[in-house]
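Each chain, letter by letter, is given below.
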Protein chains: 2
Amino acid sequence: MTKGDPVLFDRVALIGVGLIGASLGLVMKREGLAGRVVGCARTQATLDKALELCIVDEATTDPAAAVIEADLVMLCTPVGAFAKTAATMAKRLKPGAIVSDVGSVKQAVIADLLPFLPKSVHLVPGHPIAGTEHSGPEAGSADLFKGRWCILTPLQETDAGAVKKLTTLWTRAGMEVEAMDAEHHDMVLAVTSHLPHLIAYTIVGTAFDLEETIMPEVFKFAAGGFRDFTRIAASDPVMWRDIFLKNGDAVLDLLACFTKDLDTIKRAIHRGDSKTLENLFMRTRKIRKGVLEAHQD
Amino acid sequence: MTKGDPVLFDRVALIGVGLIGASLGLVMKREGLAGRVVGCARTQATLDKALELCIVDEATTDPAAAVIEADLVMLCTPVGAFAKTAATMAKRLKPGAIVSDVGSVKQAVIADLLPFLPKSVHLVPGHPIAGTEHSGPEAGSADLFKGRWCILTPLQETDAGAVKKLTTLWTRAGMEVEAMDAEHHDMVLAVTSHLPHLIAYTIVGTAFDLEETIMPEVFKFAAGGFRDFTRIAASDPVMWRDIFLKNGDAVLDLLACFTKDLDTIKRAIHRGDSKTLENLFMRTRKIRKGVLEAHQD
């Protein structure tokens, strides 16, 4: 697409203009992908910020108003709010519109949205794997998606043209797009994202409960590994609350494996079993190699 | 100190020329801190590499030979090797020499070294909190220590002049130096470094045991949090094995708290208790603020 090309969507509704919604708004502007963007948020203060930063052209606190005439409705709120939003906006959706999202869980999102959507609307669930530990419209960046992966989890009956348009959208935002089924997505993301976040939240919370006298030094000497965990555990609390609740089964299954492995290590330390520790640490070094070879660092 | 100043140590023995030993060798060269540096390693191949990279001036595989006439003997091997090294080198130590180290545990290091050292020698245990996930002399960098903390844990009877010289050494390497007692060090580092590493090793190991079909995608989509854990879990296996064994009590105590906290979160997910999750995640966000205010990121 070059200058003068028609826009990809005449009208886009961004439901939620936090880190991801705002970044999508900005990149759509930069790339000329949308004719007009309407933003929706719960508070007028957030919308004022989004207007001020030129993330959206119009703004409303009412999802039902936001989606009128929209060719693309992109849900960018925490996933726990999707069902209610769908119920509110369903009757106002334009026939032929595409409904998509950016949530980190996909089976639950499909289950929450599908019952409300009219047959004339195309659901293309998606997950751009990008983010920072910051939240809100002011954290948005048109470069957030650059070089990262976006996973789409279309249903078998989803219109191929709708999937293609979403693929173009995220590709133009700088992402590599891959399709897979929702169940597989939720399992892979439980490993690569949900469990790491859960563990980071836990360990940082554990540190918080230590005697107060030790905390200033925990902050001061955080560079030894703890710092990375505090960054991960600074991510949006409501977003992550919803992810854990909505992908609970996969997360709890993995946690059971993790706890078993942790018990093995505990026993090895307790017994002074150096061989077991060394073998484990050798193995994990190999995994790092795999990540580097997949160009993920 | 400016050009023409006398060197801080006429002769330095680096026992171990891995990431930290090599980096110290390089910064001593750049800053003109040592007259002559002798490196000691178990294999000739490592020593050849250290000589080739101009990290050391002389090299030997025998610690007893390395320490002859040395004014500073710096132990830079994994801490599990310290007792044996001390036994081997003790009789050859120069009266008035300073013996120090860079180990991540301090109580066990003191207990392992002290029985072997002659009274005429000054023990100044130290811990420069710096590193990367890479190992070996070729990973060394004269800038590794810049802007980071170094903790010294001198004993009550340690000569003040020796502590001052070590403080100067690490300050000239670019570090801020702080003294505390060994027990306190081990507790703080268990929180900020040892537990995070242990958890990272565990979680990456857990991922490794998943069905093989999922692994390529775990690598591919590692950016969601897992990537940071793989970096931490790629650190030197022998070094970390020794740290966990040598600081086992503090690490196991903390692990008990962590496991209890993890159980609370498990129950919250299982019950769909969104309030508990959100409260925890709000708290951890505050801790991140503390780390940022301590300028640790």
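Residues numbered from 1 in each chain as written. Chains lettered and ligands numbered in written order. Predicted model: local features only at pLDDT ≥ 70, side-chain atom pairs only at ≥ 80, totals over all residues.

Asks: How should the overall build of chain A be read in this particular structure?
Replies: For chain A, the count of helices and strands is 12 helices and 9 strands. Here chain A has a C-alpha radius of gyration of 21 Å; the compact-globule value for 297 residues is 19 Å, and the two agree. Counting only C-alpha atoms and orienting by the principal axes, one finds that chain A spans roughly 65 × 45 × 40 Å. Residue pairs in contact within chain A that sit at least 24 positions apart in sequence constitute 76% of those at least 6 positions apart. (Helix = DSSP H or I, 4+ residues; strand = E, 2+ residues; numbered from the N terminus. Rg over C-alpha atoms; globule rule 2.2 N^0.38 Å. Contact = placed C-beta atoms within 7 Å.)

Asks: For this particular structure, what's the right way to read helix H1 (residues 19-31) of chain B?
Replies: Residue pairs spaced three or four apart in an α-helix point in one direction, given the helix's 3.6 residues per turn. Residue and element names in this part refer to chain B. Its 13 residues give H1 an end-to-end C-alpha distance of 18 Å, which sits within 8% of 18 Å, the value for a rise of 1.5 Å per residue. The buried count for H1 comes to 10 of 13 residues, which makes it a mostly enclosed element. When H1 is considered as a whole, its buried residues turn out to be Leu19, Ile20, Gly21, Ala22, Ser23, Leu24, Gly25, Leu26, Val27 and Met28. Elements that come into contact with the buried residues of H1 comprise strand E1 (9-15), strand E2 (34-40), helix H2 (44-52), strand E4 (72-75) and strand E7 (126-128). Positive backbone phi, at 65°, marks Gly32, one or two positions downstream of H1. (Expected span 1.5 Å × (residues − 1). Buried ≥ 20, exposed ≤ 12 C-beta atoms within 10 Å, placed from the backbone.)

Asks: Would you explain the sheet that holds strand E4 (residues 72-75) of chain A in this entry?
Replies: Hydrogen bonding along the main chain pairs the strands of a sheet, whether they run parallel or antiparallel. Residue and element names in this part refer to chain A. Spatially, E3-E2-E1-E4-E5-E6 is the arrangement adopted by the 6 strands of the open sheet, whose pairing is parallel. Two strands close off the open sheet at either side, each with one partner strand: strand E3 (58-60) and strand E6 (122-124). On average, adjacent strands in this sheet sit at an angle of 20° to one another, irrespective of strand direction. For E4 and strand E5 (residues 98-101), the ladder comprises 4 bridges, and the chain directions are parallel. Counted as the bridge partner of Leu72 is Ile98 from E5. (Pairing = 2+ DSSP bridges. Axes fitted to C-alpha atoms, helices over the stretch in contact; angles between N-to-C directions.)

Asks: So what exactly am I meant to see when it comes to the environment of B:Thr158 here?
Replies: Residue and element names in this part refer to chain B. By secondary structure assignment, the location of Thr158 is in the loop between strand E8 (149-152) and helix H6 (160-172). For Thr158, a count of 18 C-beta atoms within 10 Å puts it in the partly exposed group. Beyond its immediate chain neighbours, meaning those up to four positions away, Thr158 contacts His122, Leu123, Val124 and Val163.

Asks: When you look at the interface of chain B and chain A in this model, what are you seeing that I'm missing?
Replies: Note: interface size is frequently given as the accessible area lost on complex formation between the parts. Taken together, the 78 residues of chain B in the interface contact 78 residues of chain A. Those elements giving two or more residues to the side of chain B that touches chain A turn out to be helix H7 (182-208), helix H8 (215-220), helix H9 (226-232), helix H10 (237-246), helix H11 (248-271) and helix H12 (274-293) of chain B. If one sorts the elements of the side of chain B that touches chain A by residue count, H7(B) sits on top with 19 residues.

Asks: I'm lost on the environment of A:Leu14 in this one. Help?
Replies: Residue and element names in this part refer to chain A. Inspection of the secondary structure puts Leu14 in strand E1 (residues 9-15). Judged by local crowding, Leu14 falls into the buried class, with 31 C-beta atoms found within 10 Å. Taking the C-alpha atoms as reference points, Leu14 and Cys40, separated by 26 residues in sequence, lie 6.1 Å from one another. For Leu14, the residues in contact, after removing those within four places along its chain, are Gly21, Leu24, Gly25, Val37, Gly39, Cys40, Val56, Met74 and Cys76.

Asks: Would you mind showing me how to read the sheet that holds strand E3 (residues 58-60) of chain B here?
Replies: All names here are of chain B. On the basis of which strands lie adjacent, the open sheet formed by 6 strands has the order E3-E2-E1-E4-E5-E6 and parallel pairing. The open sheet is flanked by E3 and strand E6 (122-124), the only strands paired with a single partner. Direction aside, the axes of adjacent strands within the sheet are offset by 20° on average. Here 6 bridges tie E1 to E2, and the two strands are oriented parallel to one another. Along E2, the bridge assignment pairs Ala13 with Val38.

Asks: What is the right way to read the domain arrangement of chain A from this model?
Replies: All names here are of chain A. By the assigned domains, chain A splits into domain 1 (9-180) and domain 2 (184-293). Taken over C-alpha atoms, the centre of domain 1 sits 30 Å from the centre of domain 2. With 14 residues of domain 1 at the contact, the number on the domain 2 side is 16 residues. Tallied by class, the residues present in the side of domain 1 that touches domain 2 amount to 6 nonpolar, 6 polar and 2 charged. (Domains from an automatic or database assignment. Nonpolar A, V, L, I, M, F, W, Y, C, P; charged D, E, K, R; others polar.)

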